[in-house]
Amino acid sequence: MPEAPADKRAHLVLHDTSQALGFTAHSPGGGAKALPERDRQAHGQVLRGQLQVLEPIAAETAQAQRERGLESGIGLQIEFEGQPDVELAFQSLANDAKKIELLSVRKAGDVTFANVFVPDGKLEHFERYIVDYLADRKGKGDRSLDHKALINTISAIRRAELRALWTDDVELLPADPTAAFWWEVWLPVRGDRQQVVADFRALAQAAGCEVSAHQAQFPERTVVLMFGSQAQFGQAVMLLNCVAELRRAKDTAEFFDGMGVEEQGAWMNDLLAHAQWPAAGAAAPHVCLLDSGVNRGHPMLAPVLEAVDQHTVEPAWGVDDLANHGTGLAGLAAYGDLTDAVGQAAPVVVSHRLESVKLTPVEGANAGDARHHAYLFAEAVSRPEIAQPDRQRVFTTAVTASDYRDRGRPSSWSAMLDRLAVDVDGGGESPRLFVLAAGNTREHDAWMAYPDSLSTNLVHDPGQAWNALTVGACTHKTDTEIATLAAIAAEGGLSPYTTTSRTWDSAWPLKPDVVLEGGNVGKDDLGAAGVPSLNLLTTHNVPDERLFTTTNATSAASALCARMAAQIMAAYPELRPETGRALIVHAAEWTPAMRQMFLPEAGAPSKQDYVNLIRHCGWGVPDLQRALWSAGNSLTLVVEDVVHPYVKDGKRGVVSRDMNLHELPWPKEELEALQDAKVQMRVTLSYFVEPNPSARGAASKFHYPSHRLRFDVKRPLDLTTDDFVARINAAAQQEDDGAAANPRDADWYLGDRRRHRGSLHQDVWEGTAVDLASRGFIAVYPSAGWWRTRPALERYALPARYSLIVSLRTDQVDVDLYSVVANKVGIVV
């Protein structure tokens, strides 16, 4: 591992800093919204007539399903259409007791549509709603029982056709209904997952469709792939009744060879002569590349990659790299940018080793399973873990979808990565760290429109995964070595290759998390093009032809980030994957060029300005030394803990249970002595969630994450810890229920309203030392997730792990905050 430079000290890993306290959160639901007024009789009669039309259709469908011998899902899917500019009260459409299931929710313009499965004989449930509505039914104390809050938001009820199930972009449906393509089919579970799959497979094959052999499983969904046309699918009414939602299967992005660069073999030999790396079999962390395979015959890769550590998800594909992609990423993951390593006098120290899993097919393969990315990634992860179950590793992949149509919405691919990261199948005992490329922009027009095009070149699937570290690209390479060619991006700016989350819905995670070197693009009056001198140097996949090649974009950046994660793992092998992710983001800083690009030139930036900056640049460029070491005037505290977010109460159902109050070893007197000196506190909270993907809304009882955690820091106006705890309880879940916010703590970059996105939350506070002196308590508390709102799945009693990192920094070089805190830690321990 890298040696600690002068005045660099190991981070302080704390233990037993928290006290679990009973936590009271508001119930989700929020303040009542104004309902549209309707002519009760006219509106009710219209909806009643539409339900009556469905009665014979439901009876005929149920009879046909029984005659076909189906054992799951006897019933009919119906579509509810909302009123224009009115949010459909879709949560009220489901009824677990009657097995009426909300399958998907989609929006078209200003209208919301909900697709609902109604079991045979349960259509009367909605008919009774209409009867109560028409009668303006009242209960005790004149309490309204007329279901007006739901009925007034509905404009129409009809049988669900194929379009009602399609939750992907409409443009992805072929104009020709007879054109066959690969579908991603999301099936409900309905108490017997495999029976639902078997029924669907039988119906699909009877309709002439091909169904892939493999599946991806989530708590309330199973995802399979199917090859067929709209005509085949749409005519099979019983087939549609098996489906929760439909999307188009994704293609992987094209692999691009680097621009050729001939290098002398003597350079490589000189590097190898003074390189150091862990021996095979050593207890060193491994970077596991999920890519196009690696050719370990390269002299630089053979010392760090054993033949037994090369795997493939499909034996027919082999393990070698035929695309000249995985081998190049392996070189970066082992050595970094060889432009810096080749020819340097100092020894090249490699603290980790490599593994490889080939998960992209040979050229021309077009089988359905080659597009079933959720299944492929689950298989790819299992291969090295079966071979070496106790090995520490970082998984990294630069394989992404060829488009960005998800716009932050979870996909089967991203959800599977989240599921693998949190280790659902292993009971959470062995979580995994994934480093993902954000996806690349290689369109000439986009390069020429830089930097404006950055806002519309969006992160590709699976980069939206909550639990993964998603890496974008920046660049410090500006010398084109061609007099007539200028570099598009300024030094320290975002790479023209990178992608962002600028136009994602605000509910989705802030991505990318960080950015690293991804190269630049040159341009002149004729256009833009990649230039070898603006790329990164790495290993070529055919060393007999040439030893080095160049590469670029977020693929290269993600390999560099995986290398950094392995270096941190080598330095702190006892830390969790959640902590490794947090340390990388915690150590990131924006370059002056990034601040100039996205923050206002005059005046203090607003919190929304910082959100915009992060959705483009993440938290900036991570610094390895800062991730590894503290200093006298810049100390980092690391806490790993667990909280029980929910508990089942006999009377109230599943409710919030605990919050953790952390009392940190705080240099209170030393900070007070600094008075008005400027100081900075950075807080990072990292945890992994269990995913529950579907198109049923992001902020409802059908939450995607199992749980959500929040942090808050004691303020000077919180005179006691009791005051602090009371304030946290009062502010809980305000983003869900619309409650009035507590007074803001203005000196944070983001504030509590904007920092809590995804499963990694970071914020920076800047102020005076005397103000910081009273902020030595941090609370970690739960917010709503499906563990709480979906009690039938019985996950509410599970604990939630998290990592909390807090750093203090001051420009006062003569101050030694580290030693003060280290002494306090010694006393506590």
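Structural data are supplied above this passage.
Residues numbered from 1 in each chain as written. Predicted model: local features only at pLDDT ≥ 70, side-chain atom pairs only at ≥ 80, totals over all residues. Heavy atoms only, no water.

A. Spatial organisation of the overall build of the chain. Within the chain, the regular secondary structure consists of 24 helices and 38 strands. For 829 residues, the compact-globule formula gives about 28 Å, and the C-alpha radius of gyration of the chain, at 28 Å, lands near that figure. Along the longest, intermediate and shortest principal axes, the C-alpha atoms of the chain span 85 × 70 × 55 Å. When contacts within the chain are restricted to residue pairs at least 6 apart in sequence, those whose partners lie at least 24 apart make up 81%. Working note: accessible area of the chain is about 31,400 Å², and carbon and sulfur atoms make up 50% of it. Distance between charge centres in the chain, computed from 80 positive and 107 negative side chains, equals 8 Å. (Helix = DSSP H or I, 4+ residues; strand = E, 2+ residues; numbered from the N terminus. Rg over C-alpha atoms; globule rule 2.2 N^0.38 Å. Contact = heavy atoms within 4.5 Å. Areas by Shrake-Rupley, 256 points an atom, 1.4 Å probe, with all protein chains shown as cover. Lys, Arg positive; Asp, Glu negative; His and termini not counted. Charge placed at Lys NZ, Arg CZ, Asp CG, Glu CD.)

B. Quick peek at the layout of surface pockets. Reported here for the second largest pocket is a volume of approximately 760 Å³. Going through the elements one at a time, helix 10 (338–341), strand 16 (348–349), strand 22 (514–517), helix 14 (553–571) and strand 28 (621–622) are the ones with two or more residues in the lining of the second largest pocket. (1 Å grid on protein atoms, 1.4 Å probe; cavity = no way out; pocket = protein on both sides within 12 Å on 5 of 7 lines; lining within 4 Å. Points joined across faces, edges and corners; volume = space filled by probe spheres on them.)

C. Focus on helix 9 (residues 326–335). Among the 10 residues in helix 9, 10 count as buried, and that is most of the element. Along helix 9, the residues that are buried comprise Gly326, Thr327, Gly328, Leu329, Ala330, Gly331, Leu332, Ala333, Ala334 and Tyr335. Where helix 9 ends, the next residue or the one after it, Gly336, has phi of about 80°, a positive value. (Buried < 20%, exposed > 50% of the residue type's maximum accessible area, 1.4 Å probe, protein only.)

D. Here's a closer look at empty space enclosed by the protein. Across all of its chains, the model carries 10 cavities of 30 Å³ or more by this definition. Empty space within the largest cavity amounts to approximately 90 Å³. For the largest cavity, the full set of lining residues is Trp466, Pro509, Leu510, Lys511, Asp513, Arg581, Trp619, Arg757, Gly758, Ser759, Leu760 and Gln762. Counted by class, the lining of the largest cavity contains five nonpolar, three polar and four charged residues. Space inside the second largest cavity adds up to approximately 70 Å³. In terms of lining, the second largest cavity is formed by Leu433, Ala565, Ile568, Met569, Tyr572, Leu575, Arg576, Pro577 and Gly580. Mapped by element, the contributors of at least two residues to the lining of the second largest cavity are helix 14 and helix 15 (577–586). When residues of the lining of the second largest cavity are assigned to their parent elements, the largest contribution, three residues, is made by helix 14. (Nonpolar A, V, L, I, M, F, W, Y, C, P; charged D, E, K, R; others polar.)

E. Representation of the pattern of salt bridges in the model. Per the counting criterion, the structure on display carries 40 salt bridges. Two residues, Arg106 and Glu79, come together in a salt bridge whose shortest N-O distance is 2.8 Å. Taken together, the positions of Arg106 in strand 5 (residues 101–108) and Glu79 in strand 4 (residues 75–82) put the pair 27 residues apart, joining distant regions of the chain. Residues Glu101 and Arg221 are paired through a salt bridge, measuring 3.1 Å at the closest nitrogen-oxygen approach. Taken together, the positions of Glu101 in strand 5 and Arg221 in strand 11 (residues 221–229) put the pair 120 residues apart, joining distant regions of the chain. What makes Glu101 buried here is its relative accessible area of 16%. Look at Arg221 and you get buried, because its relative accessible area is 0%. (Salt bridge = Lys/Arg side-chain N within 4 Å of Asp/Glu carboxyl O.)

F. Quick peek at unusual backbone geometry. Geometrically, the link from Tyr450 to Pro451 is a cis peptide bond, its omega value of 5° lying close to zero. Mapped onto the secondary structure, Pro451 falls in the loop between helix 13 (444–448) and strand 20 (469–474). The omega angle of the peptide bond from Lys511 to Pro512 is -5°, so this bond is cis rather than trans. Tracing the sequence through the fold places Pro512 in the loop between strand 21 (486–487) and strand 22. Residue Arg190 is not a glycine yet carries a positive backbone phi of 50°. Along the chain, Arg190 turns up in the loop between strand 8 (180–187) and helix 5 (193–206).

G. Representation of the state of the cysteines in the model. Under the counting rule described, the total for this entry stands at zero disulfides. Looking at Cys561, it has no disulfide partner, and the nearest cysteine sulfur is the one in Cys474, 11 Å off. (Disulfide = S-S within 2.5 Å.)

H. The arrangement of the sheet that holds strand 24 (residues 527–530) in detail. Across the sheet, which stays open at both edges, the three strands sit in the order 21-23-24 with antiparallel pairing between neighbours. The open sheet has two edge strands, strand 21 and strand 24, and neither has a second partner. Where strand 23 (residues 521–524) lies against strand 24, four bridges are found, and the strand directions are antiparallel. Looking across to strand 24, one finds that Gly522 is bridged to Ala529. (Pairing = 2+ DSSP bridges.)

I. Region of the structure containing the sheet that holds strand 33 (residues 658–663). On the basis of which strands lie adjacent, the open sheet formed by four strands has the order 3-33-37-35 and antiparallel pairing. Edge strands, defined here as strands with exactly one partner in the open sheet, are strand 3 (18–22) and strand 35 (708–713). Averaged over all pairs of adjacent strands, the angle between strand axes in this sheet comes to 25°, irrespective of strand direction. Sheet analysis places strand 3 next to strand 33, joined by five bridges and oriented antiparallel. Directly across from Leu21, in strand 33, lies its bridge partner Met659. The sheet strands contacting helix 20 (residues 721–731) are strand 3, strand 33, strand 35 and strand 37 (777–783), and the helix crosses strand 37 at an angle near 25°. (Axes fitted to C-alpha atoms, helices over the stretch in contact; angles between N-to-C directions.)

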